[in-house]
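Coordinate analysis (summary)
Chain by chain, the residues:
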Protein chains: 2
Amino acid sequence: MNIGQAAKSSGLSAKMIRHYESIGLLGPATRSESGYRLYGRNDLHTLVFIRRSRDLGFSLDEVSRLLALWLDRTRASAEVKSLAAKHIAVLDRKIDELTGLRETLLNLVNHCHGDHRPDCPILEDLEAGIVSPRERTD
Amino acid sequence: MNIGQAAKSSGLSAKMIRHYESIGLLGPATRSESGYRLYGRNDLHTLVFIRRSRDLGFSLDEVSRLLALWLDRTRASAEVKSLAAKHIAVLDRKIDELTGLRETLLNLVNHCHGDHRPDCPILEDLEAGIVSPRERTD
DNA sequence: TTCGACCTTCCCATCGTGGCAAGGTCAAGC
DNA sequence: GCTTGACCTTGCCACGATGGGAAGGTCGAA
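Quick notes on the rules
Each chain carries its own residue numbering, running from 1 in the written order of its sequence. Chains and ligands are labelled by the order in which they are written, letters from A for the one and numbers from 1 for the other. For a predicted model such as this one, the threshold for reporting local features is a pLDDT of at least 70, and the threshold for listing and counting side-chain atom pairs is 80 or more; totals across whole chains, interfaces and linings nevertheless cover every residue. Note that the side-chain values use all heavy atoms of the structure and ignore hydrogens as well as water. One number per residue, pLDDT, summarises how confident the predictor is, and it ranges from 0 to 100. Helix and strand assignments follow DSSP, with helices taken as H or I runs no shorter than four residues and strands as E runs no shorter than two, numbered in order from the N terminus. For each residue, the accessible area found with a 1.4 Å probe, counting protein chains only, is set against the maximum for its type, and the residue is called buried under 20%, exposed over 50%, and partly exposed in between. This arc describes the spread of directions from the helix axis toward the C-beta atoms. Contacts were defined at the residue level, with two residues in contact if any of their heavy atoms lie within 4.5 Å. By buried area we mean the combined loss of accessible area, with a 1.4 Å probe, across both parts when two parts are placed together. The salt bridge definition used is simple: a Lys or Arg side-chain nitrogen within 4 Å of an Asp or Glu carboxyl oxygen. What qualifies as a polar contact is a pair of N or O atoms within 3.5 Å, subject to a donor-acceptor requirement within protein and to the restriction that residues adjacent in sequence count only when both atoms come from side chains. Each residue gets one of three labels, nonpolar for Ala, Val, Leu, Ile, Met, Phe, Trp, Tyr, Cys and Pro, charged for Asp, Glu, Lys and Arg, and polar for the others, Gly among them. Throughout, near means a residue has at least one heavy atom within 4 Å of the molecule or strand. Copy-to-copy superposition: least squares on the C-alpha atoms, limited to residues that have pLDDT of at least 70 in both copies. Note that His is not counted, nor are the chain ends; the positive residues are Lys and Arg, and the negative ones are Asp and Glu. Domain start and stop positions are those given by an automatic or database domain assignment.

As a further point, take the confidence of the model for chain A. Mean pLDDT over chain A works out to 91, with 94% of the residues at or above the 70 mark. Taken element by element, chain A is modelled with least confidence in helix α6 (residues 121-128) of chain A, mean pLDDT 92, and with most confidence in strand β2 (residues 37-38) of chain A, mean pLDDT 97.

All names here are of chain B. Every buried residue of helix α2 (residues 14-22) is accounted for by Ile17, Tyr20 and Glu21. For α2, the angular spread of the buried residues around the axis is 100°, confining them to a single face. Across from the buried face of α2, at angles greater than 90 degrees, the exposed residues are Lys15 and Ser22. Structurally, α2 contributes buried residues whose contacts are with α1 (3-10), β1 (30-31), β2 (37-38), α3 (41-55) and α4 (60-71). A positive phi of about 90° marks glycine 24, the residue just after α2.

What follows is about the interface of chain A and chain B. At the junction of the two partners, chain A supplies 57 residues and chain B supplies 58 residues. Taken together, both faces of the contact between chain A and chain B bury some 4900 Å²; the carbon and sulfur share is 68%. Inspection of the chain A/chain B interface yields four salt bridges. On the surface where chain A and chain B come into contact, there are 18 residue pairs in polar contact (both at pLDDT 80 or more). Examining the composition of the side of chain A that touches chain B, we find that 21 residues originate from one element, helix α5 (residues 77-110) of chain A, more than from any other. The residue inventory of the side of chain A that touches chain B, partitioned by class, reads 31 nonpolar, eleven polar and 15 charged.

Surrounding DNA strand C, one finds 19 residues, the nearest of these being Gly4 and Arg18 of chain A together with Lys15, Tyr20 and Tyr36 of chain B. The contact atoms of DNA strand C, taken as those within 4 Å of the protein, divide so that sugar and phosphate hold 67%. Of all the elements in the fold, those that place two or more residues in the surface near DNA strand C are α1 (3-10) and α2 (14-22) of chain A together with α2 of chain B. Tallying contributions element by element places α2 of chain B first for the surface near DNA strand C, with four residues. When the residues that make up the surface near DNA strand C are grouped by side-chain class, the tally is six nonpolar, seven polar and six charged.

With an RMSD of 0.1 Å, chain A superimposes on chain B once it is rotated by 180° and translated 0.0 Å along the axis. Here the symmetry operator amounts to a two-fold rotation axis. Residues of chain A ranked by C-alpha distance from the rotation axis are headed by isoleucine 95 of chain A, positioned 2.9 Å from it. Comparing contact sets, 98% of the residues at the interface of chain A also lie at the interface in chain B, consistent with an isologous, same-surface contact.

The subject of this paragraph is the side chain of glutamate 62 of chain B. Residue and element names in this part refer to chain B. Counting through the fold element by element, glutamate 62 comes out in helix α4. At 5.4 Å, arginine 65 is the nearest oppositely charged side chain to glutamate 62, a buried residue that forms no salt bridge. Of the polar contacts made by the side chain of glutamate 62, one reaches the backbone nitrogen of serine 59; its length is 2.8 Å. Discounting residues that sit within four places of it in the chain, glutamate 62 has contacts with Gly57, Leu83 and His87.

A separate point is the protein's contact with DNA strand D. Near DNA strand D there are 19 residues, and of these Lys15, Tyr20 and Tyr36 of chain A together with Gly4 and Arg18 of chain B occur at the shortest range. The sugar-phosphate backbone supplies 64% of the atoms of DNA strand D found within 4 Å of the protein. Separating a base nitrogen of DNA strand D from a side-chain N or O atom of tyrosine 36 of chain A is a distance of 2.6 Å. Glycine 4 of chain B is positioned such that a nitrogen or oxygen atom in its backbone is 2.4 Å from a phosphate oxygen of DNA strand D. For the surface near DNA strand D, the secondary-structure elements that each account for two or more residues are α2 of chain A together with α1 and α2 of chain B.

When cut into domains, chain A gives domain 1 (1-57) and domain 2 (90-138). Here the C-alpha centre of domain 2 of chain A lies 43 Å away from the C-alpha centre of domain 1 of chain A.

Next comes the structure, spelled out in structure tokens:
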């Protein structure tokens, strides 16, 4: 099948499939006589694997390692588990970070009258440039 | 003071201060005879405002609007509150998204033996390309 | 043959930041 | 005076992952 169909079937965009090939995440696709990229069942399988990995938030670099493990029948599942665990740790850190910001902002918003008057604790906070955001939950 | 001192005092990098000027977030700085940017007390105040806003996760576009409100003495605090509330909503969405991914991954990791054998539920999931609404975020 | 849908490559934009290069300026020490 | 090092200037390139679009080739059906 051509790239358009492969894109539809995998959920990736044709643009991204070409990009993945250009950065070496995918090997060069077979070409038709006229130069069109051709994808078979195995290729499609790989594309789906990539899409699912991206959907789970893995970076292209991580996807690349996951792909290698997937194709390596002598892999130890411990390696995959470790990669996924590291990714979870990254997610945890991000979630904590965003949650901290959220709390600070919520606090400020709750203290703001939100009426026609100009006085605003939110702006006052921004103005003060408080250094440790997480501790600012008064 | 020169840009280096302004950077140190505000917590921004000199690079970013120049960038903010180039995109119009900051007005053109006063210049010394030799072309050095000069920053006074008010300028520093603004830089600190920007840094704090960025620290709270506002985009440069939002910072721009916050700055305008800050400088507008006839502002209604409701406008600031609304802007902040919208930002909280964005944070909420992101947190939900990441939490969803985290849960899925944690589940997979917990089901993986993580030993020397190749069998791995994580790879099996990626292979299957499961699409659940919770995780289809892009 | 023509038309529309597809494909190709290549470049540019995003967002926010860092890095580096080539050059100008300034203040301190000799 | 002159050198040195720290600072400043502008400008371009890079990241990560993706989208947009231009300019042109190919295919299949009417």
